[in-house]
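Survey of secondary and tertiary structure
Now for the letters of each chain:
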Amino acid sequence: MNWRENFSNELKNFLRTDQFIFDAPMNEHTTFKIGGAADVLIFPSTIEEVIKILKIINENEIPLTILGNGSNVLVRDKGIRGAVIKFNGKFAKIKCVENRLIVGAGAKLKDVSNFAAENSLTGLEFAVGIPGSIGGAVYMNAGAYGGEMKNVISKVRAVSRSGDLTEFDSNALELDYRRSIFQLNGYAICEIELQLEKGNKDEIFSAMEDFTSRREKKQPLEYPSAGSTFKRPEGYFAGTLIDKTGLKGLRVGDAMVSTKHAGFVVNAGHATAEDVLKLIEEVKKRVYEAHGVILNPEVRIIGEK
C-alpha cells in the first residue's frame, strides 16, 4: 500500500469524502488561477479534525502546506508535494460575544467585516476589500487604508505540526508589517478572537462602502491576481515606483503588470507560474536600475520548482 492509499484510509475514518481531493489542480483553488496539482488537498471543518489531520501527517512524515483562501499565493507549475490543508467555507463560523467576534480561520474578511458592521462593531472596516480569509490575514498581518489585523486581534487558537492546540495572546503573535509568528512556527491558525468597539452602524457601513468604491476604482479586479505583488519598500510605494519606471502593461506570456495599478501582476489569460516569476524578476531588475530600490514579493511562492 502506497502512502496515498494509507493516508486516504486514515482520513476516511473521520472526514467525509468531499473533504479531501487527490491530485487537486491548484489553479482551481487560488485567486491567481495558476498552479499545478497538489498531491492531496484537505478541507477541515473543525479544530478537532485539524488536530487529527496534523497528527497523521506528522506520524507519516508527509510534507505539509497550509492555505487560507488562496489569495496571496503563487503555486508553481509542478504543484505541491504532500498534503495541503485549505481553510475555506467549511471552517467559517462567526460568533459575536459582546464586543468580540470569534471567527473560524476560513471565514472571508469581507464576510467578517459585514458581520461586525451588522452588530454595530467598529475596527474592521479596513478589511472589507482584502480578498482573503481571516486566517490568511492573521498569517500575513494584512492591512489596508491605515488599518492592520494586529490592531484588532486579541487571541488566536492554532494547532502545531504535531497536533497540539495552543492559544496565543496578541502580544505573543509578533505582528509586524506583513509578518506574524506563524510564518516561523508553522502552526495552523484555526480560530481568531477579535476585540472591536461599539460604533454607529450607518457610519461603519458608510466607511466600508467608501473603501470598497476606492478599491474597485483603483485595483484590477477584472483579472485573476494574488493581490498586491510587492511589499511596500521603506519610504516608497511599490506601485508608484513601477509606474514611474514605465512598466504598466509589461508582459511575460500572459502574466502582466496591471495597466490599472502597477503594484499588481495579473493573469491576463493562461499565465503560468514561470511567467509570473520571470515578470517579477524583470520588474525588480528595472526598478532597481531606475531608482536603486529593491522590491521584495509580498505574494507567497510555494510548490515544487
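Placed above this text is the structure.
First, a word on scope: everything that follows refers to the structure included in this document. The model shown is predicted, which means the values in this text are computed figures rather than measured ones.

A closer look at the pairing of strand 7 (residues 100–104)
Counting buried positions along strand 7 gives four out of five residues, so the element sits mostly inside the fold. Hairpin connection of strand 6 (residues 94–97) to strand 7: two residues between the antiparallel strands, including Glu 98 at a positive phi of 55 degrees. In the sheet, strand 7 pairs with strand 13 (residues 188–195) via five bridges, with the strands oriented antiparallel. The residue bridging Gly 104 from the neighbouring strand is Glu 191, located in strand 13.

Digging into the environment of Ser 113
Tracing the backbone shows Ser 113 in helix 3 (residues 109–118). Of the residues examined, Ser 113 reaches a relative accessible area of 2% and is grouped as buried. Apart from residues no more than four positions distant in its own chain, Ser 113 is found in contact with Leu 124, Ala 127, Val 128 and Met 208.

As for the sheet that holds strand 3 (residues 64–67)
Strand order in this open sheet of four strands is 1-2-5-3, and the pairing throughout is mixed. Edge positions in the sheet fall to strand 1 (20–25) and strand 3, since each of these pairs with one other strand and no more. Averaged over all neighbouring strand pairs, the angle between strand axes comes to 30 degrees, with direction disregarded. Bridging between strand 3 and strand 5 (residues 80–86) involves four bridges; their strand directions are parallel. When the bridges of strand 5 are listed, Leu 64 appears paired with Ala 83. Against the sheet, helix 2 (residues 47–59) engages strand 2 (37–42), strand 3 and strand 5, with an angle of about 165 degrees to strand 5.

Considerations on the nonpolar core
Counting 56 residues, the largest nonpolar core has Met 149, Phe 182 and Leu 194 as the members making the most contacts within it. No other element matches helix 2, which puts seven residues into this core. Apart from the residues within four sequence positions on either side, Met 149 is in contact with Leu 109, Leu 124, Phe 126, Ile 134, Ala 137, Val 138, Asn 141, Ala 142 and Leu 194. Membership of the second largest hydrophobic core comes to 25 residues, among which are Ile 242, Ala 255, Val 265 and Ala 273.

Describing the sheet that holds strand 17 (residues 265–267)
Spatially, 15-16-17 is the arrangement adopted by the three strands of the open sheet, whose pairing is antiparallel. Since the sheet does not close on itself, it has two edges, and those belong to strand 15 (251–252) and strand 17, each with one partner. Note: strand 15 against strand 16 (residues 255–257), two bridges, orientation antiparallel. Along strand 16, the bridge assignment pairs Arg 251 with Met 256. Of the strands in this sheet, strand 15, strand 16 and strand 17 are in contact with helix 8 (residues 273–291), which crosses strand 16 at around 30 degrees.

As for the environment of Lys 33
With respect to the helices and strands, Lys 33 occurs in the loop between strand 1 and strand 2. Given a relative accessible area of 45%, Lys 33 falls into the partly exposed group. Considering only alpha carbons, one finds Lys 33 and Ala 273, 240 residues apart in sequence, at a separation of 9.8 Å. Among residues more than four places away in sequence, those in contact with Lys 33 are Asn 27, Pro 224 and Asn 267.

Overview of the pattern of salt bridges
Enumeration over the complete set of coordinates arrives at 22 salt bridges. Here Lys 248 and Asp 243 are joined by a salt bridge, their closest N and O atoms 3.7 Å apart. With a relative accessible area of 33%, Lys 248 lands in the partly exposed category. One salt bridge in this structure joins Lys 284 and Glu 281, with 3.7 Å as the shortest N-O distance. On the criterion of helical spacing, the pair formed by Lys 284 and Glu 281 is a turn pair, its members being three residues apart in helix 8. Relative accessible area serves as the criterion here: at 45%, Glu 281 is assigned to the partly exposed category.

Calculation criteria
- Within every chain, residues take consecutive numbers counted from 1 along the sequence as written.
- Given that this is a predicted model, residues contribute local features only at a pLDDT of at least 70 and side-chain atom pairs are listed and counted only at 80 or more, while totals for whole chains, interfaces and linings are drawn from all residues.
- Heavy atoms throughout the structure, all of them, feed into the side-chain values; hydrogens and water do not.
- Using a 1.4 Å probe on the protein chains alone, a residue whose accessible area is under 20% of its type maximum counts as buried, one over 50% counts as exposed, and one in between counts as partly exposed.
- For helices the rule is a DSSP run of H or I covering at least 4 residues; for strands it is a run of E covering at least 2, with both sets numbered from the N terminus onward.
- Whether two strands pair depends on DSSP finding at least two bridges between them.
- Two residues qualify as a contact provided that any one of their heavy atoms is within 4.5 Å of a heavy atom in the partner residue.
- Fitted lines through C-alpha atoms give the axes, limited to the stretch in contact for helices. The angle between two N-to-C directions lies from 0 to 180 degrees.
- Here, the term nonpolar core denotes a set of buried Ala, Val, Leu, Ile, Met, Phe, Trp, Tyr and Cys residues that are joined through side-chain atoms within 4.5 Å.
- A side-chain nitrogen of Lys or Arg and a carboxyl oxygen of Asp or Glu constitute a salt bridge if their distance falls within 4 Å.

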